[in-house]
Amino acid sequence: MNDMTQPVARLSMAGIEALFALPFADLLYQAQNVHRDRFDPNKIQLSTLLSIKTGGCSENCGYCPQSAHHDAGVDKQPMMKLDDVRAAASAARAAGASRFCMGAAWRGPKPRDLESVVEMVREVKALGLETCATLGMLKDGQAEQLKAAGLDYYNHNLDTAPDFYGDVITTRDYQDRLDTLERVRQAGLNVCCGGIVGMGESRTQRAGLIAQLAALDPQPESVPINLLVRVEGTPLADAEALEPLEFVRTIAVARIALPKSLVRLSAGRQQMGDVMQALCFLAGANSIFYGDKLLTTGNPEWERDQRLFDALGLTPL
Ligand code: SAM
Ligand code: DTB
Ligand code: SF4
C-alpha cells in the first residue's frame, strides 16, 4: 500500500477504451486492486471550495453559470474580503477539510487581482490548510508568484476530449489549457486537473479526456471528475443525463489510468444517492468537495457527508 515509487504504466487510447468495454464487475475489481496498491481504500481526502470572485466571466464555457454569455441568474460580484475568506477557511478546517480551494470567475487574473489572491493564500496557509486556487489561464511569472505565497495546488481542467472541446468553449483553446498546466508544473506547484462528463460527449470522448490526463507527465496529483450540473440558462441545461453506471465506469477507468492521483468525485454529488457515491468510492474515487456549496451550486451538507462516511466506514485522509 502507498508505494508511490512504482512507475506509472501509461495506457494507450485503445487500452483505455478496452477498460470502458469490460464487464462492470471486472472493471471495478481491477480498479479496486490498483487503488489498494497505493492507497488506504477507507480514507477520503476532503477539499472545501470557496468562490472568491463570482460571476460576470468573459469566457463562454457552455456548462458554466458564471459566464457573462449566459443568463443563469448568477450576478457579477466583487472580490471577497480577506477577513471573510479567512473565516470561511477557518470554518472548513473546523469541519474537517484538509484543503481549501479558492475559485475565481476569470479568463485569467490581472496583476492587481493576483496580489489579492496572494494575500488570501498566505492567510489560508497560515491556518494550516493545504491551499489550492483556480483562477483561469496564467501568464508567465504568475504561477511563480502563487508558489512564493505558499500555494500548494493549482486547479485547471482540460474539461473534455480535444475533439469535443470546440462544442463547449470557443473563447480559449485546448492548447491554452495545456500551456497553463505547463506553467503551473514549471513553477513547482502540484497540478489539479480533470474534466466534466455528461455534456453529451461519446464514450470514446470520455476515454479521450482520460487519455489526455494520463499523458500529462508527470500525471496530475489531483484529478477532479465532475458530473455536469445542468444549470438553467446555460447552453448545456438540457444535455441528456449520463447513465449512472457509465459515470461509475468513468471513475474506475480514471483510477486505473491515473494510479497515483487522488481521483476526486467532484461536482454532481448532490444529484447522486448514497449508493452511487458508494460505488464511486469502490471504483477508486478518494477525494470529494466537502461543504454545502461548490462555487455557485449546491453540494451535500457536512452532516449528510458525515452520515455517509459513517455508513461506509470511511474517514478523512
Ligand atoms: N474560471 C476558472 C477556469 O475556468 O479556469 C476557474 C473556475 S471554473 C468554474 C473551474 C471548473 O469548474 C471548470 O473547469 C469546470 O470543469 C467546472 N465546472 C464549472 N461549471 C460546472 C458545472 N455546471 N458542472 C460541472 N462542473 C463545472
Ligand atoms: C472542479 O473541477 N470542480 C469545481 C472546482 N474544480 C473549481 C467547480 C465545480 C463547479 C460546479 C458549478 C458551480 O457550482 O458553479
Ligand atoms: Fe469563466 Fe471558468 Fe466559468 Fe469558464 S468555467 S465561464 S472560465 S468561470
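This one's a predicted model, so the numbers in the text were calculated from it and none came from an experiment.

Enquirer: Which residues make up the pairing of strand S2 (residues 99–104), and what are the values?
Expert: By the criterion of burial, S2 is predominantly enclosed, with 6 of the 6 residues buried. The pairing of strand S1 (residues 43–53) with S2 spans 6 bridges and is parallel. Bridge pairing in S2 links Leu 50 to Met 102. Handedness of the crossover is the feature at issue here: the chain leaves S1, passes through helix H3 (residues 82–95), returns alongside S2, and the resulting connection is right-handed. Pairing of S2 with strand S3 (residues 130–134), which is carried by 5 bridges, proceeds in the parallel orientation.

Enquirer: Any chance you could break down the packing of H3 against helix H4 (residues 111–126) for me, citing the residues and the numbers?
Expert: Viewed as axis vectors pointing N to C, H3 and H4 meet at an angle of 35 degrees, and their least axial separation amounts to 10 Å. H4 is crossed by H3, and the crossing has right-handed handedness. Contact residues: H3 offers Leu 82, Val 85, Arg 86 and Ala 89, while H4 offers Glu 119, Met 120, Glu 123 and Val 124. Within the contact of H3 with H4, the residues separate by chemical class into 5 nonpolar, no polar and 3 charged.

Enquirer: Please provide a residue-by-residue account of the nonpolar core, values included.
Expert: If you look at soluble globular proteins, the nonpolar side chains tend to sit buried side by side. Of all hydrophobic cores here, the largest spans 90 residues; its most connected members are Tyr 63, Leu 135 and Phe 247. In terms of residues, this core owes the most to one element, helix H9 (residues 244–257), which gives 8 residues. Setting aside anything within four residues of it in sequence, one finds Tyr 63 in contact with Asp 159, Val 168, Ile 169, Arg 177, Ile 196, Met 199, Leu 228, Val 229, Thr 234 and Leu 236. Of all hydrophobic cores here, the second largest spans 10 residues; its members include Leu 49, Val 229, Val 231 and Ala 267.

Enquirer: Let's hear about the packing of helix H1 (residues 13–20) against helix H8 (residues 203–215): which residues, and what values?
Expert: Interaxial distance between H1 and H8 falls to 9 Å at its minimum, and their mutual angle equals 125 degrees. Taken together, the axes of H1 and H8 are oblique relative to one another. In this structure, H1 meets H8 at a crossing whose hand is right-handed. Here Met 13, Ile 16, Glu 17 and Phe 20 of H1 come into contact with H8, specifically with Arg 203, Thr 204, Arg 206, Ala 207, Gly 208, Ile 210 and Ala 211.

Enquirer: So, empty space enclosed by the protein: which residues are in play, and what are the values?
Expert: Summary: where empty space remains is shown by rolling a probe the size of a single water molecule over the atoms. For the structure shown, the criterion picks out 1 cavity of 30 Å³ or more. Taken as a whole, the largest cavity encloses approximately 840 Å³ of empty space. When contributions to the lining of the largest cavity are tallied by element, the ones reaching two or more residues are S2, S3 and strand S7 (222–227). Of the residues contributing to the lining of the largest cavity, the split by class is 23 nonpolar, 11 polar and 5 charged.

Enquirer: Tell me about the environment of Leu 151, residues and numbers included.
Expert: Along the chain, Leu 151 falls in the loop between helix H5 (142–148) and strand S4 (153–155). You can call Leu 151 buried: its relative accessible area is 2%. Each C-alpha atom of the pair Leu 151 and Gln 219 lies 19 Å from the other, and the pair is 68 residues apart in sequence. If we ignore the near neighbours within four places in the chain, the residues touching Leu 151 are Val 121, Thr 131, Cys 132, Ala 133, Leu 146 and Leu 189.

Enquirer: Run through the site of ligand 2, naming residues and quoting values.
Expert: Around ligand 2, the neighbouring residues are Leu 49, Pro 65, Thr 134, Asn 155, Asn 157, Pro 224, Asn 226, Phe 289, Leu 294, Leu 295, Thr 296 and Thr 297. Contacts to ligand 2 include Asn 155, whose side-chain N or O atom sits 3.4 Å from a nitrogen atom. In this structure, Thr 296 approaches ligand 2 through a side-chain N or O atom, which is 2.7 Å from an oxygen atom. Relative to its unbound accessible surface of 410 Å², ligand 2 loses 88% to contact with the protein. According to the grid-proximity analysis, the pocket containing ligand 2 is the largest cavity. In terms of residue class, the shell around ligand 2 is made up of 6 nonpolar, 6 polar and no charged.

Enquirer: I'd like a description of the side chain of Asp 305, backed by residues and values.
Expert: Note on placement: Asp 305 falls in helix H11 (residues 302–312). Contact partners of Asp 305, with chain neighbours within four places excluded, come to Arg 269, Ile 288, Phe 289, Tyr 290 and Pro 300.

Enquirer: Requested: an account of H3, with residues and values cited.
Expert: Compared with the 20 Å implied by 1.5 Å per residue over 14 residues, the 20 Å span of H3 between its first and last C-alpha is a close match. Considered for burial, the residues of H3 that qualify are Val 85, Ala 89, Ala 92 and Ala 95. Taken down its axis, H3 places every buried residue within 125 degrees of arc, on the same side. Where the residues of H3 are buried, they touch S1, S2, H4 and H11. Taken from the residues just after H3, Gly 96 is the one with a positive phi, measuring 115 degrees.

How each quantity is defined
Residues numbered from 1 in each chain as written. Chains lettered and ligands numbered in written order. Predicted model: local features only at pLDDT ≥ 70, side-chain atom pairs only at ≥ 80, totals over all residues. Heavy atoms only, no water. Buried < 20%, exposed > 50% of the residue type's maximum accessible area, 1.4 Å probe, protein only. Helix = DSSP H or I, 4+ residues; strand = E, 2+ residues; numbered from the N terminus. Pairing = 2+ DSSP bridges. Right-handed = clockwise from strand over helix to strand, strands pointing away. Axes fitted to C-alpha atoms, helices over the stretch in contact; angles between N-to-C directions. Left-handed = near helix turned anticlockwise from the far one by under 90°. Contact = heavy atoms within 4.5 Å. Nonpolar A, V, L, I, M, F, W, Y, C, P; charged D, E, K, R; others polar. Core = buried A, V, L, I, M, F, W, Y, C linked by side-chain atoms within 4.5 Å. Parallel < 35°, antiparallel > 145°, perpendicular 65-115°, else oblique. 1 Å grid on protein atoms, 1.4 Å probe; cavity = no way out; pocket = protein on both sides within 12 Å on 5 of 7 lines; lining within 4 Å. Points joined across faces, edges and corners; volume = space filled by probe spheres on them. Near = heavy atom within 4 Å. Polar contact = N/O pair within 3.5 Å; in protein donor to acceptor, adjacent residues only side chain to side chain. Areas by Shrake-Rupley, 256 points an atom, 1.4 Å probe, with all protein chains shown as cover. Sits in = over half its atoms within 2 Å of the grid points. Expected span 1.5 Å × (residues − 1). Arc of directions from axis to C-beta.

The analysis is restricted to geometry; functional conclusions fall outside its scope.
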